[in-house]
Every structure is written in structure tokens, then in C-alpha cells.
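Residue-level listing of the chains:
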Amino acid sequence: MRVVLLGPPGSGKGTVAEKIKELYGLVHISTGDLFRNCIRQNTPIGQEAKVFIDRGDLVPDELTVRMLAERLDNDDCADGFLLDGFPRTLDQADALEALMNKSGFSLDVALNVSVPDRMIMERLSGRRVCPECGATYNIYSQPSLEPGICDVCQSELTQRPDDKDATIRHRLDTYAVRTAPLLDYYEQQGILRSIDNSGDLAATFAQLKEVLPQ
Ligand code: AMP
């Protein structure tokens, strides 16, 4: 199965992705994570992308598509994948379609994860991450046992630079202008499915089973 996840920053795509991965055994590819790895390792892609990411802008399509195409070329994607955070522009969607056509495949589902706007700010501004092991927390809804300290590896938790309030607002505007048009794009292809991720996780996961093929 080949799935793309859509939804604004803070809609909980990461959590939904983890569940789909568990249910379907799909490889989970997050372009945000790929960029953050490149930044940690200080690669040329990381150096170029960091400026855009830190101010809440999208990384240019050419660089993003090049990085993703390389990742999709790996053998572990041959039987399917789950893309999280890609595509984010119509040009990226076209590029993905061209990549798929070249290998004789097509997307099965574009899954839109939606939550009311008011929940988004709380989710993003409360998010804390462990820079060492990648564990994610939320000071409001999912705090660590000891404030500011990772439960898993005891490292000091940090806030992503792009999770500061002004940057969050900019990311949401960018989503509305550049990414939301993808909903129509995939609707027209007949593969758009939507779930509401504002309730508890069990409710979200029940919807997943309804909208994804068995
Ligand atoms: P995320 O973890 O998905 O919120 O991504 C973090 C940041 O990485 C985004 O705010 C963008 O700056 C950048 N990014 C991730 N995926 C893409 C993409 N498909 N196109 C452009 N920029 C991206």
C-alpha cells in the first residue's frame, strides 16, 4: 500500500503514522525527520534546509524532491510506504506522481488528518522533544514524568526552533496557502480519505480501520 498523510502542523500526523506503521507494516518516511537528520549530521542538504526550517518556511521543492526520490529508491520502499509531510505543494504532488509512474505504481490513499484550529496551537507550542533519542512529549497533554527531562534517556528536553509561537502561525499560514490545495487535488483523483484526530486515540484508530483498505 502507498499512502500519503496530509494535515496541518500539529494535527498529529506523527502519531497516526506510527499506528498505520504498526497496523500495516509500512515504511514510515517523514520528510521533516529526514531534514532534521541531515541537519544533525551537518550534511550539505541539512545546511541548505536549516535556514528555511528554522523560520517556518517550506524547503524549496527541488531540494525536497531530490531528497525524497533518493529515499524512495531504497529497497525497503519496494512494497509500499507511508509518506508523512510530503507532498506539501502541488509541484511536489506532481513530482511524486511522476516518480510513481516511472516505477509503474500509484498512490492508494491520501489520508487527511484534521483537528480544529484551536487545538493546533496548544499541541505545537506544548511540544517538547528529546534531542538524544527523539521521544516526543507535550507539556499539556503528555508531559514527561520529571518536567523537562526525557523519561527514556534522562536528557534535557528541548523545543523545536520552529515550534515557537510566531513561527507556528507562519507554518499554519503556509499550510493554508500551499498545502491545503492538495486536498482538492487528491479528491479529484478519488483517493482522498479523512479522519478527525481531535478525540482520543482509540477513536482516531477506529476511523483509520474504516478508511484504509483491509
Ligand atoms: P515537519 O516535521 O513535517 O513539521 O517538518 C518540519 C519542517 O521541515 C517544515 O516546517 C518544513 O520547513 C520542512 N519540510 C518538511 N517536509 C517538507 C516538504 N515536503 N516540503 C518542504 N519543506 C518540508
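Parameters at a glance
- Residues numbered from 1 in each chain as written.
- Predicted model: local features only at pLDDT ≥ 70, side-chain atom pairs only at ≥ 80, totals over all residues.
- Heavy atoms only, no water.
- 1 Å grid on protein atoms, 1.4 Å probe; cavity = no way out; pocket = protein on both sides within 12 Å on 5 of 7 lines; lining within 4 Å.
- Points joined across faces, edges and corners; volume = space filled by probe spheres on them.
- Helix = DSSP H or I, 4+ residues; strand = E, 2+ residues; numbered from the N terminus.
- Nonpolar A, V, L, I, M, F, W, Y, C, P; charged D, E, K, R; others polar.
- Axes fitted to C-alpha atoms, helices over the stretch in contact; angles between N-to-C directions.
- Parallel < 35°, antiparallel > 145°, perpendicular 65-115°, else oblique.
- Left-handed = near helix turned anticlockwise from the far one by under 90°.
- Contact = heavy atoms within 4.5 Å.
- Near = heavy atom within 4 Å.
- Polar contact = N/O pair within 3.5 Å; in protein donor to acceptor, adjacent residues only side chain to side chain.
- Areas by Shrake-Rupley, 256 points an atom, 1.4 Å probe, with all protein chains shown as cover.

## Digging into the layout of surface pockets
To find leftover empty space, a probe the size of one water molecule is rolled over the atoms. By volume, the second largest pocket amounts to about 270 Å³. The wall of the second largest pocket is formed by 14 residues, among which A69, L72, D73, L99 and S103 lie closest to the centre. Among the secondary structure elements, those contributing two or more residues to the lining of the second largest pocket are helix 4 (61–72) and helix 5 (90–102). Of the residues assigned to the lining of the second largest pocket, the class counts are 8 nonpolar, 2 polar and 4 charged.

## Re the packing of helix 1 (residues 13–24) against helix 9 (residues 201–211)
Contact geometry of helix 1 with helix 9 gives a least axis separation of 11 Å together with a crossing angle of 50 degrees. With respect to their mutual orientation, helix 1 and helix 9 come out oblique. The two elements helix 1 and helix 9 meet at a crossing, and its hand is right-handed. Of the residues in helix 9, those touching helix 1 at T15, V16, K19, I20 and L23 are L201, T204, F205, L208 and K209.

## Examining the site of the ligand
The ligand sits among 16 residues. The nearest are T31, D57, G85, R88 and Q92. Here R36 contributes a side-chain N or O atom positioned 2.9 Å from an oxygen atom of the ligand. Contacts to the ligand include R88, whose side-chain N or O atom sits 2.9 Å from a nitrogen atom. Protein chains bury 95% of the 480 Å² of accessible surface belonging to the ligand in isolation. Top contributing element to the shell around the ligand by residue count: helix 2 (residues 31–40), with 4 residues. Among the residues forming the shell around the ligand, the class breakdown is 5 nonpolar, 5 polar and 6 charged.

Spatial relationships are all this shows, so hold off on functional conclusions.
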